[in-house]
Structure formats: structure tokens, C-alpha cells
Amino acid sequence: MIFKGQVAVVTGGATGIGRAIALKLADKGASVMIADINDEAAEKTAAEVKEISGKSSVFITDVTNLEACDGLATATAETLGPVDFLVNNAGIAGSSGWQSRSHSTEEDWKQTYQVNVIGMSNVTSAFRSQMTKRRGGRIVNLASIAGREGRPSLPHYSASKAAVISLTQSTALELARFNITVNAICPGLLWTPMWEQVGDRYAQDNPAFDGMSPREVFDTMVAERIPMQKEQTPEDVADTVAFFVSEDAKNITGQALNVDGGFFMR
Ligand SMILES: NC(=O)c1ccc[n+]([C@@H]2O[C@H](COP(=O)([O-])OP(=O)(O)OC[C@H]3O[C@@H](n4cnc5c(N)ncnc54)[C@H](O)[C@@H]3O)[C@@H](O)[C@H]2O)c1
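Overview of the structure. Predicted model, so just to flag it, every value in this text is computed and none were measured. Per chain, residues are indexed from 1 in the order of the written sequence. With pLDDT at 70 or above as the cut-off, local features in this predicted model cover only qualifying residues; side-chain atom pairs require 80 or more to be listed or tallied, and sums for whole chains, interfaces and linings still use all residues. Only heavy atoms go into the side-chain values, all of them from the structure, while hydrogens and water stay out.

### What to know about the sheet that holds strand E5 (residues 137-142)
Stage number 1. An order of E3-E2-E1-E4-E5-E6-E7 is seen for the seven strands of this open sheet, with the pairing classed as parallel. Every other strand in the sheet has two partners, leaving strand E3 (56-60) and strand E7 (256-259) as the edge strands with one partner each. Within the sheet, the average angular offset between the axes of one strand and its neighbour, ignoring direction, is 20°.
Stage number 2. Pairing between two strands is assigned when DSSP locates at least 2 bridges connecting them. Going along the chain from the N terminus, every DSSP run of H or I of four or more residues is numbered as a helix, and every run of E of two or more is numbered as a strand. For strand E1 (residues 7-11) and strand E2 (residues 31-36), the ladder comprises five bridges, and the chain directions are parallel. Its bridge partner lying in E2, valine 9 is registered against methionine 33.
Stage number 3. Relative to E3, helix H2 (residues 39-53) is tilted by about 165°, and along the sheet it contacts E2 and E3. Between N-to-C directions, angles cover 0 to 180 degrees, with each direction set by a line fitted to C-alpha atoms, over the stretch in contact for helices. Any two residues whose heavy atoms approach within 4.5 Å at even a single point are treated as in contact.

### A few points about the environment of asparagine 141
Stage number 1. Along the chain, asparagine 141 falls in strand E5.
Stage number 2. In this structure the C-alpha to C-alpha distance between asparagine 141 and isoleucine 2, which are 139 residues apart in sequence, comes to 21 Å.
Stage number 3. With residues up to four places along the chain from it excluded, the contact list for asparagine 141 reads Asn88, Met120, Val164, Thr168, Val182, Asn183, Ala184 and Ile185.

### Notes on the nonpolar core
Buried together is how nonpolar side chains tend to be arranged in soluble globular proteins.
Stage number 1. For our purposes a nonpolar core is just a set of buried Ala, Val, Leu, Ile, Met, Phe, Trp, Tyr and Cys residues, chained together by side-chain atoms within 4.5 Å. Burial status follows relative accessibility: with a 1.4 Å probe on protein chains alone, a residue under 20% of its type maximum counts as buried, one over 50% as exposed, and anything between as partly exposed. The biggest cluster of nonpolar side chains holds 32 residues, and the ones touching the most others in it are Ile21, Leu25 and Val32.
Stage number 2. Elements that contribute at least two residues to this core include exactly E1, helix H1 (16-27), E2, H2, strand E4 (85-88), E5 and helix H8 (234-245).
Stage number 3. Ranked by residue count, the leading element in this core is H1, at seven residues.
Stage number 4. Apart from residues lying up to four places away in sequence, isoleucine 21 is in contact with Val10, Val87, Asn89, Leu142, Ala238 and Val241.
Stage number 5. The next biggest cluster of nonpolar side chains, apart from the first, holds 24 residues, and it includes Val7, Leu80, Met131 and Ala172.

### With respect to the site of the ligand
Stage number 1. Each residue is tested against the molecule or strand, and it is near if at least one of its non-hydrogen atoms lies within 4 Å. Neighbouring the ligand are 28 residues; Ile17, Asp36, Asn89, Tyr157 and Thr192 lie closest to it.
Stage number 2. Separating an oxygen atom of the ligand from a side-chain N or O atom of threonine 15 is a distance of 2.9 Å.
Stage number 3. Under the rule applied, a polar contact is a pair of N or O atoms within 3.5 Å (in protein, one hydrogen donor and one hydrogen acceptor; residues adjacent in sequence only if both atoms are side-chain atoms). Threonine 192 is positioned such that a nitrogen or oxygen atom in its side chain is 2.5 Å from an oxygen atom of the ligand.
Stage number 4. In short, Shrake-Rupley with a 1.4 Å probe defines the accessible areas, and a residue's cover is counted only from the protein chains shown. Relative to its unbound accessible surface of 830 Å², the ligand loses 94% to contact with the protein.

See the structure below:
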């Protein structure tokens with residue numbers, strides 16, 4: 001798997017899973033555009049990418065803003081070249097965190113859909129003409145096992161990730177005739193800034209986790225719910241992205257693949 005001379009864009013590429021994806025693609029030779037709202041962390045990750053593959057750039061992009069996404073597409077083409085791999089990774093759990101249905105606010109629903117679903121659609125739209133003109137490319141969307149089945153503790157997040165799986169299928173059907181594949185990844189449990197942020201709220205909401213720290217909640221869930229009894233890592237997800245964008249996956253599209261140690265088997 002060598003991506004030398006190819007250009008990748010990773011939204012939410014500054015931290016967590018997105019950062020690992022950027023580093024993995026760079027390790028295989030790709031130039032990487034980091035598109036994120038966190039400018040400090042984005043610059044840090046871009047510097048790490050440059051150390052590995054030599055070419056990286058940052059475009060501060062709020063994916064909820066269509067004009068900013070158009071700006072991202074133009075800036076990518078001008079600084080690194082037309083995109084080969086678009087990784088739609090930016091995602092949030094809602095400002096109140098992962099709470100019970102009764103606490104899920106209208107704002108949680110709006111924010112989560114704005115970023116996870118509409119934001120993903122905005123970025124894909126912005127790169128559509130660049131990719132279809134060249135009749136090729138790969139899109140990978142970050143869904144979640146939360147999108148596989150509704151759960152009371154995170155309804156707005158689960159619903160948004162189910163929408164990501166559906167959006168992946170629609171986009172795959174639309175772009176198949178342009179030789180563009182579109183697939184989704186459903187990660188399981190990963191200790192990233194997102195989990196650190198929402199873990200204590202999750203603990204408050206589940207009596208079984210009473211008094212536990214976010215990390216203890218996380219470890220308990222890994223031990224009790226994941227058949228492989230291992231947490232997933234950002235690198236596990238990055239490896240799967242590398243597969244989906246590679247030649248080996250040229251005939252795979254419209255799929256959603258769980259990377260979850262067997263947590264969900266559908
Ligand atoms: N951590 C997990 O356990 C887990 C599990 C399943 C799926 N996921 C999904 O993986 C993806 C990455 O999650 P993570 O755990 O690395 O989270 P994270 O919070 O560590 O990283 C998310 C990144 O997206 C950026 N971002 C947020 N809103 C944005 C916006 N409007 N525009 C541009 N960038 C924005 C953030 O600045 C951050 O750099 C998300 O889509 C998430 O839903 C995470």
C-alpha cells in the first residue's frame with residue numbers, strides 16, 4: 001500500500017481518530033490537508049505529517065459552513081493538488097454529552113446533526129466536482145457502532161450516526177459511475193478526547209457506573225461488552241481507512257464496517 005503523490009483531506013484531523021488517520025496516510029506517502037476548527041492542534045498534527053511525508057497543510061474549516069467547505073476544496077487543490085482521498089471524520093456528541101433521552105436537548109439534536117450529518121454532506125458536496133471530473137477517488141465516512149442500534153443514553157448521537165450510514169449508501173450510489181467509492185467505518189470504544197469529554201456525563205446517567213471516573217466507565221464497558229476484551233485504538237481505525245482508500249478496496253462501495261472487537265455483529 002503506497003500512496004505517494006496522492007492527496008488526502010481529513011476533516012477533524014487535528015486530534016483523536018482524525019490525527020491517527022492523517023499520520024497513517026502520511027506514513028504511506030500521501031500529502032494530507034488537515035481541516036478542523038481547532039487551529040492549534042491542527043497545526044501540531046500538520047507538523048507531524050510534514051515530518052513523515054513532507055507535505056501537509058491546514059485549512060481552518062467549520063464543516064457546518066458550506067462556504068468554508070468550498071474554501072477547503074479550493075485551498076486543497078491549490079496547495080496540495082486535487083483530492084484523491086476524502087475522509088469525513090469530524091464529529092461531535094452534542095454539547096450536553098451522552099445523556100439519557102429525557103436530558104437530550106433540542107440543541108444536542110441540532111448541533112449533532114449539523115456537524116455529523118449536514119457537515120459531512122457539505123464537505124462531500126464541496127469536493128464532488130473535483131472528484132467527478134477526474135473520474136476517481138475514495139470517500140471514507142466516520143459513523144459509529146452507535147449508529148447500528150439506538151441506545152437510550154445517546155439518542156441524538158446514535159440517530160446521527162445511523163444517518164451517516166444511510167448517507168454513505170446514497171453517496172456511493174450517486175458516485176459509483178464516476179469510479180468513486182464511498183464507505184463508512186463504525187468504530188467501537190476508543191479513548192479519545194471525545195470520550196474524555198462525555199464519560200462523566202455517561203457515568204451520571206447510569207446507576208451501574210455510579211462514582212466511577214470516565215476512564216473507569218470506559219474500562220468497564222470494554223471488559224463487559226467487547227468480546228475481544230480490548231479497547232479499539234485510533235490506529236485500528238486508521239488502518240481500516242488505509243484499506244478502504246487502497247487499490248485492494250477498488251470494488252467495495254456503500255459498505256459500513258465495524259471496527260469494534262466484535263461488539264456488534266451486524
Ligand atoms: N471515540 C470514540 O469512541 C468513537 C467511536 C465511534 C465513532 N467515533 C467517531 O469518530 C470521529 C472522530 O472522533 P474522535 O473520538 O477522534 O473525536 P475528537 O473529539 O477527538 O475529534 C474530533 C475532531 O473533530 C473536530 N471538529 C469538531 N467539530 C468540527 C466542525 N464543526 N468542523 C470541523 N472540525 C470539527 C474537533 O476539533 C476534533 O479535532 C467522530 O466522527 C466520532 O463520532 C468516535
